[in-house]
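Inside the fold
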Amino acid sequence: MATRAQFENSNDVGVFARLTNAYCLVALGAAENFYSVFEAELADHIPVIKTSLAGTRLVGRMSVGNKNGLLLPNTTTDQLMHIRNSLPDEVVVQRIDERLSALGNVIACNDYVGLIHPDIDRETEEIVADVLGLEVFRQTVAGNTLVGSYAAFTNQGGVVAPGTTVEDLDELSSLLQVPLVAGTVNRGSDVVGAGLVCNDWSAFCGLDTTTTELSVIESVLKLRTSNPSQIVNEMRASLIDSMV
Amino acid sequence: MPKRKHEPEVVQQVEEEQQEAEEEAEEENGAGQDSESVESGSSSDDMEGPSSAEEESEDDSDGEAFDSVTVDFDFSEPQEDDFLGLKVLLTNYLDGVTYDGSGLVDLVLKHSKLGTVIKCEDDVLGVTTVLPLASVAGTRSLSDLGKFLLARVGPELKDRVQQSLADKAMGLLLSERLINCPPAVAPPLQQALREDLQAHQGKPRMKHLLLLARAFRDSRPAEQPAGKKGGKGSSSSKAELIFTQPEVECCFKHAVWTAEFAARETQEGRNKSCRPVRLILCIPCAALHRIGQDLEALLGSPAE
């Protein structure tokens, strides 16, 4: 299920939140309603942690993670302990020394595969692969090196920036092994990684997101609740295809 | 976050060069010797299609060669494509208070015949538009604005503000732009505004405009001319008002009534020498012509 939310006057929810299958980090806001939207949807399943990072509220852009771990920039100081204590034990929290310190902008990942900025250090790439348990690829998205800003994907599917060519889309889709669609969020914004946060069963985007955008997101991330016969029909179509 | 590429730096550089050029010109005491020229395409009632203003600067007073930067500004009607850019410009319209910004931008787009957007290669740098209160009265963004104004003005002005917001012959003038936009964009914007208001067919005709603008109060007693224009020459012992947009300064002189209240100071924007304020001005539409003349006199360069 995809939900609309807004952080103060900003529709870029991906800047102020980091969502994975195992936890969710949310920025401290003046009003509680951003946090309560996330809490209402997620609190029954995963811990939702209110925090700041590196002295800023840009929690989604400074950090990156998945169910295996969480990576934080070297500027994190006071919140590190708080985050470590609030997360489940299986999640490894690691601070990285990397020149490109806005990790959420330079790395995009799900639980198995990740895309990283072409200029990231070798060491960082190894730590990312190690801590997050990923197969990592240096790639660009629609000609942009900031892969974390222009792509958002989960284990089920993903959305990439609208300028992506069909060939690039196919290439990325085969690298990531998930279906991808080139789309926009927040009424035409092409920075989908900042406008949208998602995990395998939920997604949050800005209040300005149109119904069309929302339905594209829900369909590619497979968030629509479907009844059993629909699932069987979808499976049947692909099974019979491969037999022929 | 919406892409903001290198444009603002370019504009900043042009502004600095133009300021230096202006200071030079004032020192030499000849406005005609300006080393910069501003041309703007004529604006018709129907602001379809871009018209551009170009600026160039030459060497600074040290004689070192400055890279001259030519910046093209496009003036056009607000369109759906400008939604995100306008939203960013209007994020802080109510001084950090959360309000229905998307609704306000939607209203601007709905009244596109009354507005002009300044763009530089698809990046929205500024907007000047009028929203007739008669047609936008019941909307959420307007009630948010009303609540904000009533909460911030002094008690003696609350009635004035309330009356103005209920006045059907009032228009809300929105004039927002990047703080470092060259002042030369103001005359074409003002002219477009006058022409659009004349062509506006809606009834009732707007007699007054309400403007919520930004300004600064100089917090030290001014011994030398304060303010961006530099040529005021007056030294006063109380804090001077520094305007961020030249047309607001001209409107201030012709306003029927004005109000001022302190704005929120952000950590980054904290400046020991001046404090941000917000001004509310009520301007009669009949004064727009004189405001345009004052503006041209202030900037010292003819618009056409």
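Our subject is the structure that appears above.
Residues numbered from 1 in each chain as written. Chains lettered and ligands numbered in written order. Predicted model: local features only at pLDDT ≥ 70, side-chain atom pairs only at ≥ 80, totals over all residues. Heavy atoms only, no water.

1. A look at the pattern of salt bridges
- Under the definition given, this model contains 16 salt bridges over all chains.
- The shortest N-O distance in the salt bridge between Glu8 of chain A and Arg57 of chain A comes to 3.1 Å. Pair noted here: Glu8 of chain A is in the loop between strand 1 (2–5) and helix 1 (13–16) and Arg57 of chain A is in the loop between strand 4 (48–51) and helix 3 (59–62), with a separation of 49 residues, a long-range link.
- Classification of Glu8 of chain A by relative accessible area gives partly exposed; the value is 25%.
- By relative accessible area, which is 36% here, Arg57 of chain A ends up partly exposed.
- Residue Asp82 of chain B pairs with Lys119 of chain B through a salt bridge whose shortest N-O separation is 2.7 Å. Within this pair, whereas Asp82 of chain B is found in the loop between strand 3 (73–76) and helix 2 (83–89), its partner Lys119 of chain B is found in strand 4 (residues 115–120), the two being separated by 37 residues in sequence. (Salt bridge = Lys/Arg side-chain N within 4 Å of Asp/Glu carboxyl O. Helix = DSSP H or I, 4+ residues; strand = E, 2+ residues; numbered from the N terminus. Buried < 20%, exposed > 50% of the residue type's maximum accessible area, 1.4 Å probe, protein only.)

2. Digging into the nonpolar core
- If you look at the biggest cluster of nonpolar residues, it comprises 49 residues, and the most contacted ones within it are Phe34, Phe38 and Leu70 of chain A.
- Counting residues in each nonpolar core, the second largest holds 36 residues, with Leu86, Leu149, Leu212 and Phe261 of chain B among its members. (Core = buried A, V, L, I, M, F, W, Y, C linked by side-chain atoms within 4.5 Å.)

3. Brief notes about the environment of Val191 of chain A
- Assignment of secondary structure puts Val191 of chain A in the loop between strand 13 (180–182) and helix 9 (192–195).
- Between the C-alpha atoms of Val191 of chain A and Phe7 of chain A, which are 184 residues apart in sequence, the distance is 16 Å.

4. Digging into the sheet that holds strand 14 (residues 196–198) of chain A
Residue and element names in this part refer to chain A.
- With mixed pairing, the three strands of this open sheet are ordered in space as 1-15-14. Edge strands, defined here as strands with exactly one partner in the open sheet, are strand 1 and strand 14. For this sheet, the mean inter-axis angle between neighbouring strands, taken without regard to orientation, is 20°.
- Summarising the sheet, strand 1 and strand 15 (residues 203–206) pair through four bridges and their orientation is parallel. In the sheet register, Thr3 faces strand 15, and the bridge partner there is Phe204.
- Contacts from helix 2 (residues 33–42) reach strand 1, strand 14 and strand 15 within the one sheet, and its direction differs from that of strand 1 by about 165°.
- In the packing of helix 10 (residues 211–220) onto the sheet, contacts are made with strand 1, strand 14 and strand 15, and the angle to strand 1 comes to roughly 140°. (Pairing = 2+ DSSP bridges. Axes fitted to C-alpha atoms, helices over the stretch in contact; angles between N-to-C directions. Contact = heavy atoms within 4.5 Å.)

5. Some points on the pairing of strand 3 (residues 24–27) of chain A
Residue and element names in this part refer to chain A.
- Both faces of strand 3 are covered, namely the face carrying Cys24 and Val26 and the face carrying Leu25 and Ala27.
- The pairing of strand 2 (residues 17–19) with strand 3 spans three bridges and is antiparallel. Counterpart to Ala17 in the pairing with strand 3 is Val26.
- Linkage of strand 2 to strand 3, two consecutive antiparallel strands, is achieved through a turn of four residues.
- Here strand 3 runs beside strand 4; their pairing, made up of four bridges, is parallel.

6. A closer look at helix 8 (residues 166–176) of chain A
Residues and elements named next belong to chain A.
- Buried within helix 8 are the following residues: Leu169, Leu172 and Leu176. The buried residues of helix 8 occupy one face: seen down the axis, they fall within an arc of 70°. Turned more than 90 degrees off the buried face of helix 8, the exposed positions are Val166, Glu167 and Asp170.
- Just downstream of helix 8, Gln177 is the residue with a positive phi angle, here 60°. (Arc of directions from axis to C-beta.)

7. Considerations on the environment of Ala43 of chain A
All names here are of chain A.
- With respect to the helices, strands and loops of the structure, Ala43 is situated in the loop between helix 2 and strand 4.
- Under the relative-accessibility criterion, Ala43 is labelled partly exposed at 40%.
- Between the C-alpha atoms of Ala43 and Cys24, which are 19 residues apart in sequence, the distance is 9.2 Å.
- Not counting residues within four places of it along the chain, the set of residues in contact with Ala43 comprises Phe38 and Val48.

8. Here we look at unusual backbone geometry
- Unlike most non-glycine residues, Glu8 of chain A shows phi in positive territory, near 50°.
- Of note, Arg187 of chain A is a non-glycine position whose phi angle comes to about 60°, a positive value.

9. Quick word on the sheet that holds strand 2 of chain A
Residues and elements named next belong to chain A.
- Sheet architecture is open: three strands sit in the order 2-3-4, paired in mixed fashion. Strand pairing shows two members of the sheet lacking a second neighbour, strand 2 and strand 4, which therefore form its edges. Along the sheet, successive strands turn relative to each other by an average axial angle of 20°, direction set aside.

10. A closer look at the interface of chain B and chain A
- Taken together, the 14 residues of chain B in the interface contact 15 residues of chain A.
- Scanning the region where chain B abuts chain A turns up three salt bridges.
- Between Lys87 of chain B and Asp208 of chain A there is a salt bridge, with the nearest N and O atoms lying 3.3 Å from each other.
- At the boundary of chain B and chain A, one finds seven residue pairs in polar contact (both at pLDDT 80 or more).
- Listed by contribution, the elements that provide at least two residues to the side of chain B that touches chain A are helix 2 and helix 3 (101–110) of chain B.
- Within the side of chain B that touches chain A, the residues separate by chemical class into seven nonpolar, three polar and four charged. (Polar contact = N/O pair within 3.5 Å; in protein donor to acceptor, adjacent residues only side chain to side chain. Nonpolar A, V, L, I, M, F, W, Y, C, P; charged D, E, K, R; others polar.)

11. Concerning the side chain of Asn66 of chain A
All names here are of chain A.
- Examined against the element boundaries, Asn66 turns out to sit in the loop between strand 5 (64–65) and strand 6 (69–73).
- Given the relative accessible area of 1%, Asn66 is considered buried.
- At a separation of 2.9 Å, a polar atom in the side chain of Asn66 contacts the main-chain amide nitrogen of Asn68.
- At 2.9 Å, the side chain of Asn66 and the backbone oxygen of Asn110 are in polar contact.
- With near-sequence residues (within four places) excluded, Asn66 lies in contact with Thr20, Tyr23, Asn110, Asp111, Leu132 and Leu134.

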